[in-house]
Amino acid sequence: MPLFGNRTHLQSRKSRRNKRTTGDAGPSTGGGAGGGRLDGRLDELLARVTRVFGTDTTLTVRKFRIFGSFPAAMLYFPNMLDQATLNETILKPSMSAPAGSGASEWTAPELLDRLASEALWHSDCRRTLDFDALIEALLHGDTVLAAEGSEAALVVGTRQIDKRGIDQPGTEQVIRGPREGFVEPLGPNIALIRYRLQAAELRTRQLTIGRKTRSKVVVCYMDGLTDPDLLAEVDRRLGGIDIDAVLDSGYLEQYIEDNQWSPFPQVQYTERPDKVVANLLEGRIAILVDGSPLALIVPTVFNQFYQAVEDYTERFLQMSAIRMARLVALVFSLVFPAIYVSVISFNPELIPTEFAVAVAGGRAGVPWPAVVEVLIIEISMEVLREATIRLPQQVGGALSIVGVLVIGQAAVAAGFASPITVVIIALTTIGSFATPAYNAALALRLLRFPLIVIAGIFGLYGVMIGLILIANHLLSLRSFGVPYSSPLVPVNAEGMKDVLIRGPLWWMKRRPAFLKPKNAARVGPDMTEPPETNGGGGKTARIPINRKGMTKMTKAARDINALQATAVLVSTIIGVGVLPLPLFAVRAANTGGPLVTILACGCALIGLMFVAMLGMRFPDETIIQYSERLIGKWPARAVGLCVVVFFALLTSLTAREFGEVVVTSVLKQTPVEVTVIVMLMLAAISARNTMTTFAYIHFFYVPLLLVPVLLIISLSLKNAEMLNLQPIWGNRPTGMTDGIVTIAALFQGSFVLTIVIPAMRKPAKALAVSLYSILIAGGLYVVIVIAVIGVFGAEETRELLWPTLELAKATSLPANVLERLDGAFLAVWVTAVFTTLLSSYYLTSQSLTQLLRLQEPRIFTFFLLPFVFVLAMVPANIVKMYESVVFVGRIGLALTTVYPGLLLLIAVLRKKGGSALDR
């Protein structure tokens, strides 16, 4: 039997039961023909067929007598089959009785069965008793053979549609690799997959979708490798589709993707059989549609869209460099125009003086602002690109050259655009072409425009807001339940070998853990490096695989590991307080500022350890929940309400401090209310995510916080004087207590650990998480204080409002790439403020939800917004704002340090603790 010899009967049981998958009971029979069983009357059958197809002249009805004795008819559409094959394998054997068969003694009821088994020269023959199945077979291109007196009809698989030959894929061309691409018919596509994957474990499931088109859809997977839950989810989504027509695989993609409103594709498509096979062997599932040359692959992660087939056919060193170039091009295509607009419009001091003069000279005759100029050129390039695609190939190539050379040069000569703008847009356009996946490049092109607009309004601050929104969206996306940012977030060491670079093939021993393959190993246990010839062909020694390093997938309820929990605390602590921190330390003890900061870190660690030990005793509850069993219902609720109010105040003051810094340093003409509400809205939108996504967001941003700050500190140390740090104990010991309390208050956001512990895979590691987070964040704080005092001295630092910002302003990159780093530092600082705001806002909404015994915390994310905004605008000016910050911070220490300490003491004395599930 051919693979599709029984195509109308190979539907899964689920597809048969679900009419939304298979459509109605069958194709519309119209004209009162109705469905039902055949009755053996040939004339009645032909009349029913005529009522279904009406005056359709393409249907051929060939009447004849089987073996010259039995009246019969053959029905088919001649344009959908090879008539020579029809004549030789069906009609000729049917009219000539085989010698010695005793055909004259055959009876009408057994005629067709014996004809198929003893006379016809065709392998794909099946009988049907159902009229609807007969009509469906005709529409599919098969031939129907019916005889007088027989209550069954014979369906012969004769479909042969003229198709284009197998050729090189048009959208995924390679220099080194196979040249075969899918075609429209389903049969050759399955054959191409089986040709490359000759494994008995390859499975195909066929179903029919589309009430009118009756399109054949095949799901391909590897038995014993693909996760059964993933397969069940694919069946469920395909089974829920109820439409008239499926004309291409793109129709299915729009129905089965997780988030239809996202600009980023969550389903990968390809026309390369080798790419499908590679993904099947990783544990993914391929979906093919009859009539479409593009196969769908699920699930999909973002890093797949900048990978190409050649990454694996060429040597890893070269292709790793090429992949990094693609990543640079990807970044260019998204943010380059926005950064250009923000720097030209708001921060020209960031670029070297000579270059700034050249840019200003080029823009001297341009009549509009940079943002309008960039938007005009960008829109023109998009129109030109679309015109190039739609025109015939011979004309399109010429148009692209004319558009780039002639129109660009004419625009510059006419003063319509500046030369630097044309260069920026050209680099951006080239960068978008370097992304291998067209749909991913299209998403980046779409997002480029709002980034340009927000850059023209808010400068680098707006660019960072836009990038944070995009990054948060990527971190919240799922593709069939798989995190879209895998294996970067959540991090997987094995998967990281094929993200930024392409590691050697013998390094990638295991399949991606986020796919949950049933068989994870893909490289033999002895293959740790390629064989090396040693004179006569000897091989190097082998090292066995360390199987203890296998990544295990855990349940979603506890999906945060210790590394992610540490990242949450570090990115929460490093926030808006980074800017005035050295001022607080110097006011407390002059040159003893580093010592005060170290002591404050120790105090913060003690409070955080109280929270961690409480969480370890009550690993399934937050402090709002287990406090009721320790001190009583109403006292616990009263303190819980104080916690909610405190973190709402902390959120508002953090947003206000951020707004004051921005309008003072960058956006001097922008009202502070605008910057505050924008940041609060960003936190409110991000707070609607799950705890897992919350942890992913923090984990993603930690390197973006630490690396720039450490870079600025390391560059500034060349200007530091160690004498400025002496004596190390300072000369104002009486002010140390106030300084310790003030600086320790900057760590209060780490109280978010109380809601993180119930989501941790191993709550017993909460104490280690606390220690590491204080060491990292506190160590960074100490280094910042040392660098500021070493560069400016204690007396000068006392006169600076934001000493850390002044440190960035006084630092420059080598080779004078950027003359000042304060603008770039503020852009990165926006990320630090966002992560701190997100934690306090998230903690407030979660605590309020638990206090009111509600199930859905997201209802408070936007409800809290106006209240927090009003609280943020209460301080009359920046002086009153900082007085409020110090006062609220000191009061909060009682809630975040003393209160957990008392609860821990009560829990120890009353011997309370353990898992709530056990109780």
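All of these numbers come straight from a predicted model, not from anything done at the bench.

### Concerning the overall build of the chain
No. 1: Within the chain one finds 33 helices and 12 strands.
No. 2: The burial tally for the chain puts 54% of its 919 residues in the buried class.
No. 3: Expressed as a percentage of contacts within the chain between residues at least 6 apart in sequence, the contacts between residues at least 24 apart total 74%.
No. 4: For the chain, the accessible surface area stands at approximately 39900 Å², while carbon and sulfur atoms represent 62% of it.

### Considerations on helix 8 (residues 228-239)
No. 1: When the terminal C-alpha atoms of helix 8 are compared, their 16 Å separation across 12 residues agrees well with the 16 Å that a helix rising 1.5 Å per residue should span.
No. 2: Within helix 8, the full set of buried residues consists of Leu230, Leu231, Glu233, Val234, Asp235, Arg237, Leu238 and Gly239.

### Things to note about a nonpolar patch on the surface
No. 1: There is a patch of nonpolar side chains on the surface, built from Val328, Val331, Phe332, Val423 and Leu427 and spanning about 370 Å² of accessible area.
No. 2: For the nonpolar patch, the secondary-structure elements that each account for two or more residues are helix 12 (316-345) and helix 16 (419-433).
No. 3: Ranked by residue count, the leading element in the nonpolar patch is helix 12, at 3 residues.
No. 4: Checked against the element boundaries, valine 331 lands in helix 12.

### Notes on the state of the cysteines
No. 1: Applying the stated criterion across every chain, the model contains 0 disulfides.
No. 2: Free of any disulfide, cysteine 601 has its nearest cysteine sulfur in cysteine 603, 9.3 Å distant.
No. 3: Overall, the relative accessible area of 8% leaves cysteine 601 in the buried class.

### Let's talk about helix 25 (residues 691-716)
No. 1: In a regular helix each residue adds 1.5 Å, so 26 residues correspond to 38 Å; helix 25 covers 38 Å between its end C-alpha atoms and thus fits that length.
No. 2: The largest bend in helix 25 amounts to roughly 30 degrees and is located at tyrosine 701, with the proline proline 703 lying one to four residues further along.

### With respect to the pattern of salt bridges
No. 1: Enumeration according to the criterion identifies 33 salt bridges in this entry.
No. 2: Its salt-bridge partner being glutamate 180, residue arginine 196 comes within 3.4 Å of it at the nearest N-O pair. Remark: glutamate 180 occurs in the loop between strand 5 (153-156) and helix 7 (186-196) and arginine 196 occurs in helix 7; sequence separation between them is 16 residues.
No. 3: Take arginine 196: its relative accessible area is 33%, and that puts it in the partly exposed class.
No. 4: In this structure, arginine 656 and glutamate 660 form a salt bridge, with 2.8 Å as the shortest nitrogen-oxygen distance. Separated by 4 residues within a single helix, arginine 656 and glutamate 660 lie in helix 23 (residues 633-665), roughly one turn from each other.
No. 5: Owing to a relative accessible area of 3%, arginine 656 belongs among the buried residues under this scheme.
No. 6: Accessibility expressed as a relative area gives 10% for glutamate 660, which makes it buried.
No. 7: It is possible to trace a salt-bridge network through shared partners that takes in Glu378, Glu382, Arg385, Arg445 and Arg448.

### Regarding the sheet that holds strand 7 (residues 215-222)
Sheets are built from strands paired through backbone hydrogen bonds, the pairs being either parallel or antiparallel.
No. 1: The antiparallel open sheet is built from 5 strands, whose spatial order is 6-7-9-10-8. In the strand order of this sheet, the two ends are held by strand 6 (202-209) and strand 8 (268-270), each with one partner. Across the sheet, the mean angle from the axis of one strand to that of its neighbour is 25 degrees, orientation sign disregarded.
No. 2: Pairing analysis gives 4 bridges linking strand 7 to strand 9 (residues 285-289), with the strands arranged antiparallel. Looking at strand 9, one finds that valine 217 is bridged to valine 289.

### Considerations on the pairing of strand 9
Every other side chain in a regular strand lies on the same face of the sheet, so the side chains alternate between the two faces.
No. 1: Most of strand 9 sits out of view: 5 of its 5 residues are buried.
No. 2: Side chains Ile285, Ile287 and Val289 project from strand 9 onto one buried face, and the interleaved Ala286 and Leu288 project onto a second face that is buried too.
No. 3: Looking at chain direction, strand 9 and strand 10 (residues 295-298) are connected through 3 bridges and run antiparallel. Note on strand 10: the bridge partner recorded for alanine 286 is isoleucine 297.
No. 4: Between strand 9 and strand 10, which pair antiparallel one after the other, the connecting turn spans 5 residues, and glycine 291 there sits at a positive phi close to 100 degrees.

### A short note on the side chain of arginine 284
No. 1: Secondary-structure assignment places arginine 284 in the loop between helix 10 (273-280) and strand 9.
No. 2: Overall, the relative accessible area of 2% leaves arginine 284 in the buried class.
No. 3: One polar contact links arginine 284 to glutamate 282, side chain to side chain, over a distance of 2.3 Å.
No. 4: With near-sequence residues (within four places) excluded, arginine 284 lies in contact with Cys220, Thr226, Asn279, Ile297, Val298, Pro299, Val301, Gln304, Phe514 and Leu515.

### Here we look at the confidence of the model for the chain
No. 1: In the predicted model, the chain carries a mean pLDDT of 83, and the fraction of residues at 70 or more is 89%.
No. 2: pLDDT under 50 marks residues 1-32. Its contacts with residues more than four places away, or in other chains, come to 75 contacts.
No. 3: Taken as a whole, residues 915-919 scores under 50 in pLDDT and shows 9 contacts with residues more than four places along the chain or in a different chain.

### Brief notes about the sheet that holds strand 2 (residues 70-76)
No. 1: In spatial order, the strands read 1-2-4-5-3; together these 5 strands make up an open sheet with antiparallel pairing. The strands lining the two open edges of the sheet, one partner per strand, are strand 1 (60-66) and strand 3 (125-128). Taken over all neighbouring pairs, the strand axes of this sheet differ in orientation by 25 degrees on average, direction set aside.
No. 2: Relative to strand 5, strand 3 runs antiparallel, the two sharing 4 bridges. Each bridged residue has a counterpart across the sheet, and for arginine 127 the counterpart in strand 5 is leucine 154.
No. 3: In this fold helix 3 (residues 42-53) packs onto strand 1, strand 2 and strand 4 (143-147), with an angle of close to 15 degrees to the strand it touches most, strand 2.
No. 4: Sheet contacts for helix 4 (residues 83-95): strand 1, strand 2, strand 4 and strand 5; angle to strand 1, the most-contacted strand, approximately 30 degrees.

### Thoughts on the packing of aromatic side chains
No. 1: One pass over the structure, following the stated rule, counts 18 aromatic pairs.
No. 2: Ring centres of phenylalanine 700 and tyrosine 701 lie 5.3 Å apart, and the angle between their planes is 75 degrees; this geometry places the pair in the edge-to-face category.
No. 3: With a relative accessible area of 28%, phenylalanine 700 lands in the partly exposed category.
No. 4: Arranged with centres 5.9 Å apart and planes meeting at 80 degrees, the rings of tyrosine 701 and phenylalanine 834 form a pair that is edge-to-face. Of this pair, tyrosine 701 sits in helix 25 while phenylalanine 834 sits in helix 31 (residues 822-851), and the two are 133 residues apart along the sequence.
No. 5: Look at tyrosine 701 and you get buried, because its relative accessible area is 3%.
No. 6: Residue phenylalanine 834 is classed as buried on the basis of its relative accessible area of 0%.
No. 7: Joined through ring pairs, the aromatic side chains of Phe264, Phe302, Tyr306 and Tyr484 make up one cluster.
No. 8: The lysine or arginine in question, arginine 48, covers the ring of phenylalanine 131, its NZ or CZ lying 4.2 Å from the ring centre.
No. 9: Sitting over the face of the ring of tryptophan 634, arginine 637 holds its NZ or CZ atom 5.3 Å from the ring centroid.

### Focus: the packing of helix 14 (residues 370-390) against helix 16
No. 1: Interaxial distance between helix 14 and helix 16 falls to 10 Å at its minimum, and their mutual angle equals 40 degrees. Here helix 14 lies oblique to helix 16, going by the angle between them. Read as a crossing pair, helix 14 and helix 16 show a hand that is right-handed. On helix 16, the residues that touch Glu373, Val374, Ile377, Glu378, Met381 and Arg385 of helix 14 are Thr421, Ile425, Thr428, Thr429, Ser432 and Phe433.
No. 2: Across the contact of helix 14 with helix 16, the residue classes break down as 5 nonpolar, 4 polar and 3 charged.

So, how was this worked out
What you see as residue numbers is a count from 1 along each chain, following the sequence as written. Residue-level local features of this predicted model are given only where pLDDT is at least 70; pairs of side-chain atoms are given and counted only at 80 or more, and the full residue set underlies all totals for whole chains, interfaces and linings. Working from all heavy atoms in the structure, the side-chain values ignore hydrogens and water. In this description a helix means any DSSP run of H or I spanning at least four residues, a strand means any run of E spanning at least two, and both kinds are numbered starting from the N terminus. When a residue's accessible area, from a 1.4 Å probe over protein chains only, is under 20% of the maximum for its type it is buried; when over 50% it is exposed; and in between it is partly exposed. Contacts: residue pairs with any heavy atoms within 4.5 Å of one another. Surface accessibility in these figures is a Shrake-Rupley result with a 1.4 Å probe; residues are shielded only by whichever protein chains are displayed. Take the number of residues in a helix, subtract one, and multiply by 1.5 Å to get its expected span. Only residues whose relative accessible area exceeds 30% and that take part in no salt bridge are eligible for patches, with like-charged residues grouped when within 9 Å of each other and nonpolar side chains (Val, Leu, Ile, Met, Phe, Trp, Tyr) grouped when within 5 Å. Any carboxyl oxygen of Asp or Glu that lies within 4 Å of a side-chain nitrogen of Lys or Arg is treated as forming a salt bridge with it. Cysteine sulfur pairs qualify as disulfides if the two atoms are within 2.5 Å. The seven residues ending at a residue and the seven starting there each receive a fitted axis; the angle between those axes is the bend at that residue. Two strands are counted as paired when DSSP detects at least two bridges linking them. The angle between two axes is taken between their N-to-C directions and runs from 0 to 180 degrees, where each axis is a line fitted to C-alpha atoms and a helix contributes only its stretch in contact. Distance and chemistry together define a polar contact, namely a pair of N or O atoms within 3.5 Å, with one atom able to donate a hydrogen and the other to accept it when in protein, and with adjacent residues in sequence counting only for side-chain atoms on both sides. On a scale of 0 to 100, pLDDT captures the predictor's confidence in every residue. Any two of the Phe, Tyr and Trp rings considered here, Trp counted by its six-membered ring, make a pair once their centres fall within 6.5 Å; the pair's planes then place it as stacked at under 30 degrees, edge-to-face at over 60, or tilted in between. A ring is considered to have a charge above it if a Lys NZ or an Arg CZ atom is located within 6 Å of its centre and within 35 degrees of its normal. Oblique is the label for every angle not falling under 35 degrees (roughly parallel), over 145 degrees (roughly antiparallel), or within 65 to 115 degrees (roughly perpendicular). Helix crossings get a hand from a simple test, with the near helix turned counterclockwise from the far one by less than a right angle marking a left-handed crossing and a clockwise turn marking a right-handed one. When residue character is reported, Ala, Val, Leu, Ile, Met, Phe, Trp, Tyr, Cys and Pro are called nonpolar, Asp, Glu, Lys and Arg charged, and the others, Gly included, polar.

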